[in-house]
Amino acid sequence: MILILFAAAFCTGSLLGKTTGQLLPDFGSVSASSENTSWGLSFQEKGKRPIGNASIEELKKYNAYYAADTEEKIIYLTFDCGYENGNMPKILEALKKHQVSAAFFVVGNFISDHPDLLRKMIQAGHTIGNHTMTHPDMSSISSMQGFQKELQDVEKLYQSATGSSMPKYYRPPRGIYSPVNLSMAKELGYKTFFWSLAYVDWYQDKQPTKEEAFEKLLGRIHPGAIVLLHSTSSTNADILDELLTRWETMGYSFGNLQDL
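Here is what the cut-offs are and how they apply
- Residues numbered from 1 in each chain as written.
- Predicted model: local features only at pLDDT ≥ 70, side-chain atom pairs only at ≥ 80, totals over all residues.
- Heavy atoms only, no water.
- Helix = DSSP H or I, 4+ residues; strand = E, 2+ residues; numbered from the N terminus.
- Buried < 20%, exposed > 50% of the residue type's maximum accessible area, 1.4 Å probe, protein only.
- Contact = heavy atoms within 4.5 Å.
- Areas by Shrake-Rupley, 256 points an atom, 1.4 Å probe, with all protein chains shown as cover.
- Expected span 1.5 Å × (residues − 1).
- Bend = angle between axes of the 7 residues up to and from the residue.
- pLDDT = per-residue confidence, 0-100.
- Polar contact = N/O pair within 3.5 Å; in protein donor to acceptor, adjacent residues only side chain to side chain.

A.B. asks: For this particular structure, what's the right way to read the overall build of the protein?
C.D. replies: Helix and strand content of the protein: nine helices and 12 strands. A buried classification covers 53% of the 260 residues belonging to the protein. Contacts in the protein between residues far apart in sequence, at least 24 positions, make up 72% of those at least 6 positions apart. Carbon and sulfur atoms form 51% of the exposed surface of the protein, whose accessible area is close to 11200 Å².

A.B. asks: Teacher, can you tell me more about helix α6 (residues 144-162) here?
C.D. replies: The periodicity of an α-helix, 3.6 residues per turn, causes residues three or four places apart in sequence to face the same way. Helix length check: α6, at 19 residues, gives a terminal C-alpha distance of 26 Å against a target of 27 Å (1.5 Å per residue), a fit within 8%. By the largest-angle criterion, glutamate 150 marks the main kink of α6, which is about 30°. The set of residues buried in α6 consists of Phe147, Glu150, Leu151, Asp153, Val154, Glu155, Tyr158 and Ala161. Residues of α6 that are buried sit in contact with β6 (103-106), α4 (108-113), α5 (115-123), β7 (127-130), β8 (169-170) and α7 (179-187). Residue glycine 163 follows α6 closely and has a positive phi angle near 80°.

A.B. asks: What is the right way to look at the confidence of the model for the protein in this model?
C.D. replies: Detailed reading of the predicted model is not advised wherever pLDDT is low. This prediction gives the protein a mean pLDDT of 89; 87% of its residues lie at or above 70. In the predicted structure, residues 1-34 sits below a pLDDT of 50 and forms 94 contacts with residues beyond four places in sequence or in another chain.

A.B. asks: So what exactly am I meant to see when it comes to helix α9 (residues 234-249) here?
C.D. replies: With 16 residues, α9 should cover 22 Å at 1.5 Å per step; its first-to-last C-alpha distance of 23 Å lies within 8% of that length. At leucine 240, α9 shows its maximal bend, which comes to roughly 55°. Of the positions making up α9, those classed as buried are Thr235, Asn236, Ala237, Ile239, Leu240, Leu243, Leu244 and Trp247. Residues of α9 that are buried sit in contact with β5 (74-81), α3 (88-97), α8 (210-219), β11 (225-230) and β12 (253-254). One side-chain oxygen of the residue at the start of α9 lies 3.3 Å from the amide nitrogen of threonine 235, identifying that residue as serine 233. After α9 finishes, the residue glycine 251 shows a positive phi value of roughly 100°.

Laid out in structure tokens, this is it:
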């Protein structure tokens, strides 16, 4: 039962305010100095970068990002990985076919359960980011010690599985964050990554159709997009090859988070 509850909590992503293909209210740019909040977006115009809870400039002082400040048709493809549900072979095959390097933000159990798969992902040229050990609401952790432990426990698993140090890339679980969190992540040497495009793809018993997925992922793509997909989604695995092809047909290429 505990495992089921954890999986449900992980798969919901940032249900509270996360941009998941739903058009959020036109709230404008909310300062990053606000208290604990959930990352959210307002899509104003097709093909244009949406407005986030905080602007690119406001996030920059925390070494945090939600999109690239560019008019170049470039996409930064990322996945959140708590469970892969057998979808990773298809995902990795599509990425290899299109020579796309993606970033995978992993929860601690992903490394514990799939060390061989993790090494395969790294060997294929993908970046592994830190999505915390237990996928908690990090904004509820007020001490640096507690915050650091959630990240360091994943670092230790990564070191044990690969023999290398883990890249200092962090994504807040469910997109819930606070200025204190962002400051602590920066102090620990991390860059924080939100997103500028995602959709509701995590419900295992209610997967979006191919048409629903393309409506969001093609209709709201924009220059400099950091795209968030979940590896738990069978729809994502099934459509990824065609999705990458269609983005390429639209003139997009793919970048690496380290370029930001």
